[in-house]
Amino acid sequence: MNPQRLTLITAAILVLGIFGFIIFNRARPTEQPVQVVADLSKLSYEGQPALGDPNAPVKLAMFEDFKCPACKNFEEIVWPKIERDYIDTGKVQAFFIYQQIIPNSTVAGIASECVLEQNPDLFWDYKTIVYRSQGNEAQDWATASKMVELAKTYVPDINADELNTCIAEDRHKAKVEADTDMG
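Here three strands make up an open sheet; going across it, the order is β1-β3-β2 and the pairing mixed. Lying at the two open borders of the sheet, with one neighbouring strand each, are β1 (50-51) and β2 (58-64). Where β2 lies against strand β3 (residues 92-98), seven bridges are found, and the strand directions are parallel. Within β3, the residue paired with V58 across the bridge is V92. Running over the sheet, helix α7 (residues 173-182) touches β2 and β3 and is turned about 110° from β3.

In structure tokens:
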């Protein structure tokens, strides 16, 4: 076969391929963006840890898991800005809602509810400490003994014995599960 004819055949195949690609892309149905609509009637702030002015015009519901690495990043990078720019200025009231997304993190959620029960003002300090002490999400580091140890070491105003008893009794397990269901 002569080279000139081979070049023409190759060019024709290439042109047909380009036209085929264009026609295919125009003929296929366009994808519509997925819209997720939350049923906000199921969202309840009642009994949730709250920070900020109750009369703030904006309510921020934060669904978080203490073993979630993205939640830890939010806690360390985004949360201080929200607190400084919106909560401290009275523009936003924030609510923490426990959301189990990582296996074996329920104990950390129960511990946080136990701290809230003891002293609502200490909840936010405890939350920060648990995130700072976060272990590998694949490991079972969020144990009762670890949660109590963190309280003893970093938030000494929490009654560690009471915290231990509260966790051992699974006192707030139903609340933690209800929060997860709400999420």
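Resuming the write-up.
Moving on, we get to the packing of aromatic side chains. Going through the model one piece at a time under the given rule, you end up with seven aromatic pairs. Arranged with centres 5.2 Å apart and planes meeting at 45°, the rings of F66 and Y131 form a pair that is tilted. Here F66, found in the loop between β2 and α2 (69-87), pairs with Y131, found in helix α4 (residues 120-132); they are 65 residues apart in sequence, far enough to count as distant. The exposure class assigned to F66 is buried, which follows from its relative accessible area of 0%. For Y131, a relative accessible area of 0% gives the class buried. Both rings, one in F123 and one in W124, keep their centres 5.1 Å apart while their planes meet at 90°; by these two values the pair is edge-to-face. Accessibility assignment for this pair places F123 and W124 in one class, buried. Pairwise contacts between aromatic rings join F66, W79, F96, Y98, F123, W124 and Y131 into one cluster. Positioned above the aromatic ring of W79, the side-chain terminus of K127 is 4.8 Å from the ring centre.

Let's shift gears to the state of the cysteines. All chains considered together, the criterion is met by one disulfide. Disulfide pairing places C114 opposite C166 at an S-S distance of 2.1 Å. The S-S bond linking C114 to C166 shows a torsion near -85°; that makes this disulfide left-handed. Taken as a pair, C114 in helix α3 (residues 106-118) and C166 in helix α6 (residues 160-168) lie far apart in primary sequence, 52 residues in all. Here C114 and C166 have matching classes, each one buried.

Another aspect to go through is the pairing of β3. Within β3, seven of the seven residues are buried, which leaves the element mostly enclosed by the surrounding structure. Of the two faces of β3, the one holding V92, A94, F96 and Y98 and the one holding Q93, F95 and I97 are both buried throughout. Pairing analysis gives two bridges linking β1 to β3, with the strands arranged antiparallel. Directly across from A50, in β3, lies its bridge partner F95.

Rules and cut-offs
Residues numbered from 1 in each chain as written. Predicted model: local features only at pLDDT ≥ 70, side-chain atom pairs only at ≥ 80, totals over all residues. Heavy atoms only, no water. Pairing = 2+ DSSP bridges. Helix = DSSP H or I, 4+ residues; strand = E, 2+ residues; numbered from the N terminus. Contact = heavy atoms within 4.5 Å. Axes fitted to C-alpha atoms, helices over the stretch in contact; angles between N-to-C directions. Phe/Tyr/Trp six-rings, centres within 6.5 Å; stacked < 30°, edge-to-face > 60°. Buried < 20%, exposed > 50% of the residue type's maximum accessible area, 1.4 Å probe, protein only. Lys NZ or Arg CZ within 6 Å of the ring centre and 35° of its normal. Disulfide = S-S within 2.5 Å.

Shape descriptors only; they carry no functional weight alone.
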